[in-house]
Amino acid sequence: MSATIADTIYQALSERIITGSLPAGEKLRQDHIAREFEASHVPVREALLRLEAHGLAKSEPRRGTRVSALDPSEIREVIEMRVALEVLALTHAFARLTPEDIDAAEAARLACDAAEDMAGWERLNRAFHRVILAPCAMPRLLASIDDLHIAAARHLFANWQHQWTRRVDADHAAIVSAMTRRDPAAACEILRRHLRRVR
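Residues numbered from 1 in each chain as written. Predicted model: local features only at pLDDT ≥ 70, side-chain atom pairs only at ≥ 80, totals over all residues. Heavy atoms only, no water.

Which residues make up the overall build of the chain, and what are the values?
Scanning the chain from terminus to terminus reveals nine helices and two strands. Each helix (α) and strand (β) of the chain, taken in turn from the N terminus, gives the series α-α-α-β-β-α-α-α-α-α-α. Against the compact-globule benchmark of 16 Å for 199 residues, the chain has a radius of gyration of 18 Å, which places it among compact chains. Overall, the chain is about 55 × 35 × 30 Å in size when its C-alpha atoms are taken along their principal axes. Across the 199 residues that make up the chain, the buried fraction comes to 41%. Restricting the contact set of the chain to residue pairs at least 6 apart, pairs at least 24 apart contribute 75%. Total accessible area on the chain stands at roughly 10700 Å², and carbon and sulfur atoms take up 55% of it. (Helix = DSSP H or I, 4+ residues; strand = E, 2+ residues; numbered from the N terminus. Rg over C-alpha atoms; globule rule 2.2 N^0.38 Å. Buried < 20%, exposed > 50% of the residue type's maximum accessible area, 1.4 Å probe, protein only. Contact = heavy atoms within 4.5 Å. Areas by Shrake-Rupley, 256 points an atom, 1.4 Å probe, with all protein chains shown as cover.)

The structure is reproduced here in structure tokens:
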């Protein structure tokens, strides 16, 4: 399925909001966005609605659409929700795991470890989590997890951007190892600990 103009605009703006280059409270002006992407207002409106649906923007009467505020108190809730939902997804994924899924997880792990900067690492880290959970084949659950990843990523950039260093993620390696051994209890326990560990 090819990306639409609305997809392209949504991806670009969500990346800017997550990394903080579009700060909280910043007005998202339809005409400026349409000009930048050489698009009509229809895909711009669609992209803005998707930003709102994912909690990245807020529409206010007579004030237009702005980047939503970042609430420091929500990070604990986001972490606990990720633990509950990702462990659930990984438990169900084990029943459907194929050798190709394990190969994909190993490739995603290596790509994440090779990231050169925090923006690249965050994108590849999200991809790793998506790859290990996707075999659960539960689209609504995965969509909820994607939203939590976006919320967690904004907090990561806001709080740890200047402390980021390239490193090998031992938890990711241990999860892939448990997948290879077909050991769901170990994989879920490592994932639970991994998500609760503040980077």
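Talk me through the pattern of salt bridges; I want residue IDs and the actual numbers.
Per the counting criterion, the structure on display carries 17 salt bridges. With its nearest N and O atoms 3.9 Å apart, the salt bridge here joins Arg76 to Glu80. With Arg76 and Glu80 both in helix α4 (residues 75-94), this residue pair falls four residues apart, about one helical turn. You can call Arg76 partly exposed: its relative accessible area is 45%. For Arg109, the salt bridge identified is with Asp113, shortest N-O distance 3.3 Å. Of this pair, Arg109 and Asp113 are both found in helix α5 (residues 99-113), four residues apart, which corresponds to roughly one turn of the helix. In this structure Arg109 comes out as buried when scored by relative accessible area, which is 12%. (Salt bridge = Lys/Arg side-chain N within 4 Å of Asp/Glu carboxyl O.)

Residue-level account of helix α6 (residues 118-133), with values.
Look at α6: 22 Å from first C-alpha to last across 16 residues, which is about the 22 Å you get at 1.5 Å a residue. Of the positions making up α6, those classed as buried are Met118, Gly120, Trp121, Glu122, Asn125, Arg126, Phe128, His129, Ile132 and Leu133. Residues of α6 that are buried make contact with α1 (5-19), α4, α5, α7 (139-160), α8 (170-180) and α9 (184-196). (Expected span 1.5 Å × (residues − 1).)

Give me the nonpolar core: which residues, what numbers.
In this structure, Leu90, Ile132, Leu133 and Met179 are the most contacted members of the largest nonpolar core, which totals 27 residues. Put simply, the parts of the chain that give this core at least two residues each are α4, α5, α6, α7, α8 and α9. Considering each element in turn, this core owes the most residues, seven residues, to α4. Core analysis: the second largest hydrophobic core is formed by 26 residues, Ile9, Leu13, Leu48 and Trp164 among them. (Core = buried A, V, L, I, M, F, W, Y, C linked by side-chain atoms within 4.5 Å.)

How would you summarise the packing of aromatic side chains if you had to cite specific residues and measurements?
A complete count under the given rule lists zero aromatic pairs for this structure. We note Arg50 situated over the ring of Tyr10; from NZ or CZ to the ring centre the distance is 4.6 Å. (Phe/Tyr/Trp six-rings, centres within 6.5 Å; stacked < 30°, edge-to-face > 60°. Lys NZ or Arg CZ within 6 Å of the ring centre and 35° of its normal.)

Describe unusual backbone geometry, and please don't skip the residues or the numbers.
The backbone of Arg62 sits at a positive phi, close to 65°, despite the residue not being glycine. For Arg62, the position within the fold is in the loop between β1 (57-60) and β2 (64-67). The class for Arg62 is exposed, based on a relative accessible area of 84%. Look at Arg182: it is not a glycine, yet its phi comes out positive at around 55°. Judged by its relative accessible area of 40%, Arg182 falls in the partly exposed class.

Provide a residue-level description of the packing of α1 against helix α3 (residues 41-53), including the pertinent values.
Axis separation between α1 and α3 bottoms out at 8 Å; the angle between their running directions is 45°. As summarised for this structure, α1 and α3 are arranged oblique, according to the angle between their axes. In this structure, α1 meets α3 at a crossing whose hand is right-handed. Contact with α1, carried on its side by Ile5, Ala6, Asp7, Ile9, Tyr10, Leu13, Ser14 and Ile17, involves Pro43, Val44, Glu46, Ala47, Leu48, Arg50 and Leu51 of α3 and no other residues of that element. (Axes fitted to C-alpha atoms, helices over the stretch in contact; angles between N-to-C directions. Parallel < 35°, antiparallel > 145°, perpendicular 65-115°, else oblique. Left-handed = near helix turned anticlockwise from the far one by under 90°.)

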